[in-house]
Amino acid sequence: MQHNITQLHEQIKAGDFRAIARGVTIVENSLPGYERLLLSLHETRHARVIGITGPPGAGKSTLVSALLHHWLKENKKIAVLAVDPSSPFNYGALLGDRIRMSEYYTNPNIFIRSLATRGALGGLSSKIIEIADVVREAPFDIILVETVGVGQSEVEIAGLADCTVVTLVPEAGDEVQTLKAGVMEIADIFVVNKADRADAEGLYRNLRILAHEKANGQSETPVLKTVATSGAGIEELASEIVKFLHTQKTQPAKRLHLMTEKCWQLITAQRMKSIDHSSLKAELATAIKKNDFNLYAFTKDFLSHFVK
Ligand SMILES: Nc1nc2c(ncn2[C@@H]2O[C@H](COP(=O)(O)OP(=O)(O)OP(=O)(O)O)[C@@H](O)[C@H]2O)c(=O)[nH]1
Ligand SMILES: [Mg+2]
């Protein structure tokens with residue numbers, strides 16, 4: 001196994017798609033060699049991870065494929081990781097319009113993988129962090145990660161991605177105020193997608209105001225309008241992402257912040273590994289029958305006995 005993982009790692013570094021897919025599968029399912037593979041990774045690879053997040057149906061996949069199309073023209077090598085997509089054929093169908101399907105499946109510059117990690121032990125984030133790091137070993141220029149989220153998972157993606165693009169749509173207009181706290185924190189770039197809709201302007205203006213308030217004299221989070229279906233605004237978005245990645249490279253404090261966030265997710269997952277719902281339930285079922293049952297005493301006791 002040791003030899004196999006070493007060999008697999010070498011193949012991943014060489015950009016062998018089958019090896020990358022195998023590595024992802026090993027990590028995704030915690031198969032033998034999983035830990036060894038992770039422990040052999042280097043932090044020196046330079047593929048940048050771009051997180052595209054936002055509410056369901058905001059046009060994230062359409063946006064990803066438009067960006068993909070844009071960067072392919074520049075001969076970039078790109079990996080796409082889609083977490084819990086509504087359809088595993090999403091990208092195939094979307095790309096079909098612009099690039100012939102056969103071309104896409106055999107295109108040596110695109111690696112696409114759908115991940116069904118939602119609900120996995122330790123949550124979405126630690127797995128996707130690990131998977132992205134495995135893919136990062138391969139010689140890609142860019143790794144695009146699509147995650148659905150309004151709320152917690154967006155915060156999680158912030159630790160994973162070098163640049164987080166929060167995609168909102170005009171329908172989200174009323175939500176902007178409630179999104180404020182969490183989303184403002186993690187968004188490196190805001191996209192108002194479906195800008196072909198009449199009410200897009202209102203959302204755009206609201207976001208600009210929020211970005212201005214948040215900036216507090218510092219540089220404001222860019223807000224861009226896109227029509228992912230037609231490609232309008234995609235060039236601007238791509239160059240804004242590149243610009244952001246460039247400035248971010250020169251900010252060690254931000255890198256440390258993201259690394260801390262990432263490490264925190266991994267520690268949480270490790271810590272939770274020995275606890276599962278069913279054994280907790282079984283323990284509780286017995287404890288609850290006692291007359292002097294106290295949830296807090298139970299929790300304290302449980303932690304000292306079951307969490308290593
Ligand atoms: N009018 C309009 N429709 C769009 C635009 N971008 C995407 N859509 C449409 O919106 C729908 C949802 O697009 P997706 O790209 O699948 O959205 P998503 O955010 O990936 O959706 P989930 O992965 O299911 O959360 C599709 O029917 C797209 O064609 C846009 O800019 N304008
Ligand atoms: Mg999608």
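Quick caveat, the model's predicted, so the values are computed rather than measured.

**Student:** Tell me about the overall build of the protein chain, and name the residues and values.
**Tutor:** Per the secondary structure count, the protein chain includes 14 helices and seven strands. Looking at the protein chain residue by residue over its 308 residues, the buried ones come to 37%. The contacts in the protein chain between residues at least 6 apart in sequence include a share of 76% that link residues at least 24 apart.

**Student:** Outline unusual backbone geometry, listing residues and values.
**Tutor:** With a phi close to 50°, Ser30 is a non-glycine residue in the positive phi region. Residue position: Ser30 is located in the loop between helix H2 (17–28) and helix H3 (34–39). According to the C-beta neighbour criterion, Ser30 is partly exposed, with 15 such atoms within 10 Å. Positive phi, normally seen in glycine, also occurs at Lys194, with a value near 60°. Mapped onto the elements, Lys194 comes out in the loop between strand S6 (189–192) and helix H10 (200–215). Assessed through the 24 C-beta atoms surrounding it within 10 Å, Lys194 is described here as buried.

**Student:** Report on H2, specifying residues and quantitative values.
**Tutor:** The end-to-end C-alpha distance of H2, which contains twelve residues, comes to 16 Å, matching closely the 16 Å that a straight helix rising 1.5 Å per residue would cover. Listed as buried for H2 are Ile20, Gly23, Val24, Ile26 and Val27. The arc that holds the buried residues of H2, viewed along the axis, is 160°, so those residues lie on one side. Phi for Ser30, located one or two positions after H2, is positive at around 50°.

**Student:** Any chance you could break down the nonpolar core for me, citing the residues and the numbers?
**Tutor:** By size, the foremost hydrophobic cluster in this structure holds 64 residues, and its most contacted members are Ile50, Leu81, Ala132, Val135, Ile143, Leu144 and Val145. Summarising the domain contributions, this core has at least three residues from each of domain 1 (1–40) and domain 2 (42–270). What Val145 contacts, discounting residues up to four positions off in sequence, is Val49, Gly51, Ile52, Leu81, Val83, Ile128, Ala132, Leu160 and Ala161.

**Student:** Go over the sheet that holds strand S3 (residues 110–115) with me, naming the residues and quoting the values.
**Tutor:** With parallel pairing, the seven strands of this open sheet are ordered in space as S3-S2-S4-S1-S5-S6-S7. Each having just a single partner strand, S3 and strand S7 (223–225) make up the two edges of the open sheet. Between one strand and the next, the sheet's axes are offset by a mean angle of 20°, whatever the strand orientation. Across four bridges, the pairing between strand S5 (residues 163–168) and S6 is parallel. Within S6, the position partnered with Leu168 by the bridge is Val192. Strand contacts of helix H4 (residues 60–73): strand S1 (48–54), strand S2 (78–83), S3, strand S4 (142–148), S5 and S6, with the helix running at about 170° to S4, the strand carrying the most contacts.

**Student:** Tell me about the confidence of the model for the protein chain, and please be specific about residues and values.
**Tutor:** For the protein chain, per-residue confidence averages 81 on the pLDDT scale, and 79% of positions sit at 70 or higher. Confidence drops under pLDDT 50 across residues 86–90; counting only partners more than four residues distant or on other chains, this segment forms four contacts. Ignoring residues within four places in sequence, the model shows residues 96–102, a span with pLDDT below 50, making four contacts including any to other chains.

**Student:** Any details on the environment of Gly59? Residues and values, ideally.
**Tutor:** Position of Gly59 among the secondary structure elements: in the loop between S1 and H4. Remark: the alpha-carbon pair of Gly59 and Ala228, spanning 169 residues in sequence, is separated by 6.9 Å. With residues up to four places along the chain from it excluded, the contact list for Gly59 reads Thr167, Val169, Asn193, Lys194 and Ala228.

**Student:** Please set out the pairing of S5 residue by residue, giving values where relevant.
**Tutor:** Counting buried positions over the six residues of S5 gives six, a clear majority of the element. Residues Cys163, Val165 and Thr167 line one face of S5 and the alternating positions Thr164, Val166 and Leu168 line the opposite face, and both faces are buried. Two elements, S1 and S5, share four bridges in a ladder whose sense is parallel. Its bridge partner lying in S5, Gly51 is registered against Thr164.

The rules behind the values
Residues numbered from 1 in each chain as written. Chains lettered and ligands numbered in written order. Predicted model: local features only at pLDDT ≥ 70, side-chain atom pairs only at ≥ 80, totals over all residues. Helix = DSSP H or I, 4+ residues; strand = E, 2+ residues; numbered from the N terminus. Buried ≥ 20, exposed ≤ 12 C-beta atoms within 10 Å, placed from the backbone. Contact = placed C-beta atoms within 7 Å. Expected span 1.5 Å × (residues − 1). Arc of directions from axis to C-beta. Core = buried A, V, L, I, M, F, W, Y, C linked by C-beta atoms within 7 Å. Domains from an automatic or database assignment. Pairing = 2+ DSSP bridges. Axes fitted to C-alpha atoms, helices over the stretch in contact; angles between N-to-C directions. pLDDT = per-residue confidence, 0-100.

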